[in-house]
Amino acid sequence: MSGVGESNPEQTLILREDEHPREVPGEVWKILIVDDDDEVHHVTRLVLADLCHGGRGVCLMSAYSGQEARHLLHAHRDVSVILLDVVMESEEAGLHLIRHIREELNNSSVRIILRTGQPGQAPERRIIIEYDINDYREKTELSAQKLFTSVAASVRAFETIQQLQAINSNLEEMVAARTQDLRLACQDLRRTAEELQAHRDRLQYEQELAKALLANVHEAERLDFPNLRYRLWPVDVANGDLILAARAPDGRQLIMIGDFTGHGLPAAIGALPVADLFHREVGRGCNIRSLISSINDELHRKLPRGLFLAACVIEVGTDQIVHAWNGGVPAAFVYSADAGVRERITSSDLPLGVVPSGELAFDIQHLSTRRGDRLFIYSDGLVEARNPEGEMFGEKRLEHCLREHGASETFFERVREQVEAFLAGNPQADDITMAELVLHAT
């Protein structure tokens, strides 16, 4: 995201509700300010006038009521960010506009930043849970820098969503085209060296595209929990594994490890809607069953046949009772330094995206834990790593590592060293992901 000093003044335009969209010069990011206070519009324009991203400036549009905003949104379907007040012509005009945008216009792409000068009338916790917004700010705390940063991040998120929607719309065609290309490559031995090089260049481009898109999935700040350690070792540039963690408004912690079939671009692209839905649903306060159902239904609707997500989902309550669901990944361990492995969370359901949620068993384990317990989750690439003789690394070697080094800060590196020594030069065949959650952490 570019900042001050890189914008082109000719690409920044202020539009009122009654002006015509053809007056916008070139491609710009459209930002709609909805507030009944003219001073708010004036200050916001001053702060955002030189915002620039991807060589595109901004078009700042103003609406002074929810009704004006509706007219503008019907005329400008490509608005990227809305800065929205709550109280305007009515006490909940802004909240009614959110419902209109998400449910009547069916617009899930535009990023909505709710700004309120009366937080008592729109409490943050209730609004975050009940309304599909992307940020909540009190006007008294929203400095110029915070406003600029929040809008810049929202424009970037909007651009990523646009890219994802474009890719999802023709995902099956892309996979079919690649499969056909590979089949022809095997059948036609007369292809020239130039064609082979062009094919390699195309694959490299797709991998770099997947890498750029996945940068938003494993955001460091979203996995920055003091009781969580994790490592990802992909085979390709694009990782088919993912790890997600978030805390619900009531304090529950939810963690998910997933392993898409295969790796490369098709698997990596599948991680994007899963990550977005995971954080949105946890932010709304859903429980583990609802989260699993939402992700499963989304993948079942959108993934092409043959692509699915093996996953383990963990919910740790404020009472430190663990609720766990495993659909297709190796057994997770609850262990401690003094007692070793105490519990196993084994797979008892289908992977996500295979069948509708009504056909899942939802076999959720409920485990009581004690101080000193740790929860270890991993993808099958770890235990299925094979040495030159074809032998798998297996659970016994992993359990030995847990007993010897589980409490050590260097545990993950010790596991990696033992896997690499076991491979003895044999290439890694699958993505490896593992995570450890310390329970009863202060």
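Parameters and conventions
- Residues numbered from 1 in each chain as written.
- Predicted model: local features only at pLDDT ≥ 70, side-chain atom pairs only at ≥ 80, totals over all residues.
- Heavy atoms only, no water.
- Core = buried A, V, L, I, M, F, W, Y, C linked by side-chain atoms within 4.5 Å.
- Buried < 20%, exposed > 50% of the residue type's maximum accessible area, 1.4 Å probe, protein only.
- Helix = DSSP H or I, 4+ residues; strand = E, 2+ residues; numbered from the N terminus.
- Contact = heavy atoms within 4.5 Å.
- Pairing = 2+ DSSP bridges.
- Axes fitted to C-alpha atoms, helices over the stretch in contact; angles between N-to-C directions.
- Patch = residues over 30% accessible without salt bridge, like charges linked within 9 Å, V, L, I, M, F, W, Y side chains within 5 Å.
- Areas by Shrake-Rupley, 256 points an atom, 1.4 Å probe, with all protein chains shown as cover.
- Salt bridge = Lys/Arg side-chain N within 4 Å of Asp/Glu carboxyl O.
- Lys, Arg positive; Asp, Glu negative; His and termini not counted.
- Charge placed at Lys NZ, Arg CZ, Asp CG, Glu CD.

*Asks:* It is not clear to me how the nonpolar core should be interpreted in this structure. Could you clarify?
*Replies:* Generally speaking, nonpolar side chains in soluble globular proteins are found buried as a group. By size, the foremost hydrophobic cluster in this structure holds 30 residues, and its most contacted members are Met-256, Val-274, Phe-278, Ile-295, Leu-309 and Leu-352. Considering every element that reaches this core, the biggest residue donor is helix α8 (residues 265-283), with six residues. Not counting the four nearest positions on each side in its chain, Phe-278 is found in contact with Leu-244, Ala-245, Ala-246, Leu-254, Ile-255, Met-256, Leu-291 and Ile-295. Core analysis: the next-biggest nonpolar cluster, separate from the first, contains 28 residues, Ala-63, Leu-72, Val-87 and Leu-114 among them.

*Asks:* Where do I start with the sheet that holds strand β14 (residues 365-367) in this structure?
*Replies:* What links the strands of a sheet is backbone hydrogen bonding, and the strands pair in either a parallel or an antiparallel sense. The five strands lie next to each other as β8-β9-β10-β11-β14, forming an open sheet whose pairing is antiparallel. The outermost strands of the open sheet, each flanked by one partner alone, are β8 (241-247) and β14. Across this sheet, the average inter-strand angle for adjacent strands is 15 degrees, counted without regard to direction. Where strand β9 (residues 253-260) and strand β10 (residues 309-316) come together, eight bridges link them in antiparallel fashion. Across the sheet, Phe-260 pairs through a bridge with Leu-309, a residue of β10.

*Asks:* How should a negative patch on the surface be read in this particular structure?
*Replies:* Taken together, the side chains of Asp-36, Asp-37, Asp-38, Glu-39 and Glu-89 define an acidic patch exposed on the protein surface. On the secondary structure map, Asp-37 appears in the loop between β2 (28-34) and α1 (38-48). Residue classification places Asp-37 among the partly exposed residues on the basis of a relative accessible area of 35%.

*Asks:* I'm lost on the side chain of Ser-150 in this one. Help?
*Replies:* Relative to the elements of secondary structure, Ser-150 occurs in helix α5 (residues 144-169). Setting aside residues no more than four positions away along its own chain, Ser-150 makes contact with Ile-113, Asp-135 and Arg-137.

*Asks:* When you look at unusual backbone geometry in this model, what are you seeing that I'm missing?
*Replies:* Glycine aside, residues mostly have negative phi angles, and peptide bonds mostly take the trans form. Of note, the phi angle at Gln-320 is positive, near 65 degrees, even though the residue is not glycine. Examined against the element boundaries, Gln-320 turns out to sit in the loop between β10 and β11 (322-327). Residue classification places Gln-320 among the buried residues on the basis of a relative accessible area of 18%. Phi at Phe-362 takes a positive value of approximately 50 degrees, unusual for a residue other than glycine. You can see Phe-362 is positioned in the loop between β13 (340-345) and β14. We classify Phe-362 as buried; its relative accessible area is 11%.

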